[in-house]
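Topology and contacts: notes
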Protein chains: 2
Amino acid sequence: MFELDLRSGKPIYEQIVDKFKELIINQVLETDEKLPSVRELAQQLTINPNTIQKAYRELENQELIYSVKGRGSFVNAISAQVDPQKVKHMQEELKKLLTEALFVGVTADEIRSVVENLLQNGGGSDA
Amino acid sequence: MFELDLRSGKPIYEQIVDKFKELIINQVLETDEKLPSVRELAQQLTINPNTIQKAYRELENQELIYSVKGRGSFVNAISAQVDPQKVKHMQEELKKLLTEALFVGVTADEIRSVVENLLQNGGGSDA
DNA sequence: TAACTGTATTAGTTATAATAGTACACTTGA
DNA sequence: TCAAGTGTACTATTATAACTAATACAGTTA
């Protein structure tokens, strides 16, 4: 399904969370699509099932997936409700990142280009 | 100088790095301006001097400050040279963040507004 | 020279990440 | 019904990282 970097220093469970987050946000995984079981994915990645469980729990906390005992874990529907707190947080993150981007030399035009590309594609599928 | 959140889970030295990074990028601290000494800041924040040292070392690695034995630590000049690797990295980060922003419900217009605000102010001073 | 600066080293404590093994409750399909 | 697969919970153990602490050394400045 994907690869892990065991030497990156980044916790394995975080890497798993990030991968799924990316797949879900980009709608590579569709709503109600089943994720690999805890044990199955653990075997594939040759890591401990508890590590997968921790990742799935985190994804559930972020409301990206839902889990049903005995059945499995599934991709959540994209929330129709906008969380004002999340929105505000993202705006602040955006400001920070844009400021830093300008600092390291990304030009205003490059930024506009990146932004318009994404906005016109509606944020769907591949980057 | 600023406050720490000792319960945030985020390492103290990272918080310090982030604060200074913000101050430097936003040019609140000017080129060659002196940072508080390791011991002084440690006393102000009532934490260990080694933690400050770790933060300063990290800032030096990121080329945001330079340190001179016996004199102190100072804000680096903004690099005139553009690092293509950093630029590419920032563009990718920007894509990721924008995709996530759209996902949580930040509208395209809000994004454009945030972007234009920053671009027109040249990324200077306060957010 | 005294007082300040950054830097280095060693040690110890605490918290987190990850592994390992086991157990329980639920769902599904043969 | 029941076996196999599912999520979940718990305890224990090891390894690593973060942080504190104390001390020492080297350079700068007035």
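Calculation rules
- Residues numbered from 1 in each chain as written.
- Chains lettered and ligands numbered in written order.
- Predicted model: local features only at pLDDT ≥ 70, side-chain atom pairs only at ≥ 80, totals over all residues.
- Heavy atoms only, no water.
- Helix = DSSP H or I, 4+ residues; strand = E, 2+ residues; numbered from the N terminus.
- Buried < 20%, exposed > 50% of the residue type's maximum accessible area, 1.4 Å probe, protein only.
- Contact = heavy atoms within 4.5 Å.
- Areas by Shrake-Rupley, 256 points an atom, 1.4 Å probe, with all protein chains shown as cover.
- Lys, Arg positive; Asp, Glu negative; His and termini not counted.
- Charge placed at Lys NZ, Arg CZ, Asp CG, Glu CD.
- Near = heavy atom within 4 Å.
- Polar contact = N/O pair within 3.5 Å; in protein donor to acceptor, adjacent residues only side chain to side chain.
- Nonpolar A, V, L, I, M, F, W, Y, C, P; charged D, E, K, R; others polar.
- UniProt positions renumbered as here; feature names shortened; annotations may be inferred.
- Phe/Tyr/Trp six-rings, centres within 6.5 Å; stacked < 30°, edge-to-face > 60°.
- Lys NZ or Arg CZ within 6 Å of the ring centre and 35° of its normal.
- Least-squares fit on C-alpha atoms with pLDDT ≥ 70 in both.
- Buried area = accessible area lost by both parts, 1.4 Å probe.
- Salt bridge = Lys/Arg side-chain N within 4 Å of Asp/Glu carboxyl O.
- pLDDT = per-residue confidence, 0-100.

1. With respect to the overall build of chain A
The secondary structure content of chain A amounts to five helices and two strands. Across its three principal axes, chain A shows a C-alpha extent of roughly 50 × 40 × 25 Å. Within chain A, the proportion of its 127 residues that are buried is 32%. Of the contacts made within chain A by residues no fewer than 6 positions apart, 50% connect residues no fewer than 24 positions apart. Carbon and sulfur atoms make up 45% of the accessible area of chain A, which amounts to about 7,900 Å² in all. Of the side-chain charges in chain A, 15 are positive and 20 negative, and the distance between the mean point of each set is 7 Å.

2. A few points about the protein's contact with DNA strand D
Neighbouring DNA strand D are 25 residues; Pro 11, Ile 12, Tyr 13, Asn 50 and Thr 51 of chain B lie closest to it. Here Asn 50 of chain B contributes a side-chain N or O atom positioned 2.8 Å from a base nitrogen of DNA strand D. Arg 71 of chain B is positioned with one of its side-chain polar atoms (N or O) 2.9 Å from a phosphate oxygen of DNA strand D. Looking at the surface near DNA strand D, the elements that each hand over two or more residues are helix H2 (38–45), helix H3 (49–61), strand E1 (65–68) and strand E2 (72–75) of chain A together with helix H1 (12–25) and helix H3 (49–61) of chain B. Partitioning the surface near DNA strand D into residue classes produces six nonpolar, eleven polar and eight charged.

3. Observations concerning the protein's contact with DNA strand C
Around DNA strand C lies a shell of 25 residues, among which Pro 11, Ile 12, Asn 50 and Thr 51 of chain A together with Arg 39 of chain B are the nearest. Sugar plus phosphate, as a fraction of atoms of DNA strand C within 4 Å of the protein: 62%. For DNA strand C, a base oxygen lies 3.1 Å from a polar atom in the backbone of Gly 70 of chain B. Elements with a contribution of two residues or more to the surface near DNA strand C: helix H1 (12–25) and H3 of chain A together with helix H2 (38–45), H3, strand E1 (65–68) and strand E2 (72–75) of chain B.

4. Structural notes on the UniProt feature "domain: HTH gntR-type" (unreviewed entry) in chain A
Under the UniProt annotation, "domain: HTH gntR-type" (unreviewed entry) lies at residues 10–78 of chain A. With 51% helix and 12% strand, residues 10–78 of chain A has end C-alpha atoms that lie 27 Å from one another.

5. Let's talk about the packing of aromatic side chains
Under the criterion given, the structure shown has four aromatic pairs over all chains. A ring pair is formed by Phe 20 of chain B and Tyr 56 of chain B, whose centres lie 5.8 Å apart and whose planes are at 80°; its orientation type is edge-to-face. One end of the pair, Phe 20 of chain B, is in helix H1; the other, Tyr 56 of chain B, is in helix H3, and 36 residues separate them in sequence. For the pair shown, Phe 20 of chain B and Tyr 56 of chain B are each scored as buried. The aromatic ring of Tyr 13 of chain A is capped on one face by Lys 54 of chain A, whose charged end is 4.3 Å from the ring centroid.

6. As for the environment of Glu 93 of chain A
Looking at the element boundaries, Glu 93 of chain A is found in helix H4 (residues 84–104). In this structure, the C-alpha to C-alpha distance between Glu 93 of chain A and Val 28 of chain A, residues 65 residues apart in sequence, is 24 Å.

7. Points about the relation of the copies chain A and chain B
Least-squares fitting of chain A to chain B yields an RMSD of 0.2 Å, with the transformation described by 0.1 Å of translation along the axis and a rotation of 179°. The symmetry that links the two subunits is that of a two-fold axis. Taken together, the interface assignments show that 100% of the residues at the interface of chain A recur at the interface of chain B, consistent with an identical surface on both copies.

8. Brief notes about the interface of chain A and chain B
The interface is formed by 36 residues belonging to chain A together with 36 residues belonging to chain B. Between chain A and chain B lies a buried interface of about 3,700 Å² when both sides are counted; carbon and sulfur atoms form 81% of it. Among the residues chain A hides against chain B, the three largest losses belong to Met 90, Leu 94 and Phe 103 of chain A. Together they make up 17% of the total. Arg 112 of chain A is the salt-bridge partner of Glu 116 of chain B, the closest N and O atoms lying 2.7 Å from each other. Joining chain A to chain B, the criterion identifies four residue pairs in polar contact (both at pLDDT 80 or more). Considering each element in turn, the side of chain A that touches chain B owes the most residues, 15 residues, to H4 of chain A. A per-class count over the side of chain A that touches chain B returns 21 nonpolar, six polar and nine charged.

9. A few points about the pattern of salt bridges
Following the criterion strictly, the structure yields ten salt bridges over all chains and no others. Note that Lys 10 of chain B and Asp 18 of chain B form a salt bridge whose closest N and O atoms lie 2.7 Å from each other. Relative accessible area serves as the criterion here: at 33%, Asp 18 of chain B is assigned to the partly exposed category. A single salt-bridge network, built from bridges that share partners, covers Asp 109 and Arg 112 of chain A together with Glu 116 of chain B.

10. Section: the confidence of the model for chain A
Here chain A shows a mean pLDDT of 90. Residues at 70 or above account for 95%. Segment residues 123–127 of chain A is flagged for pLDDT under 50; beyond a separation of four residues in sequence, or across chains, it makes eight contacts in the model.

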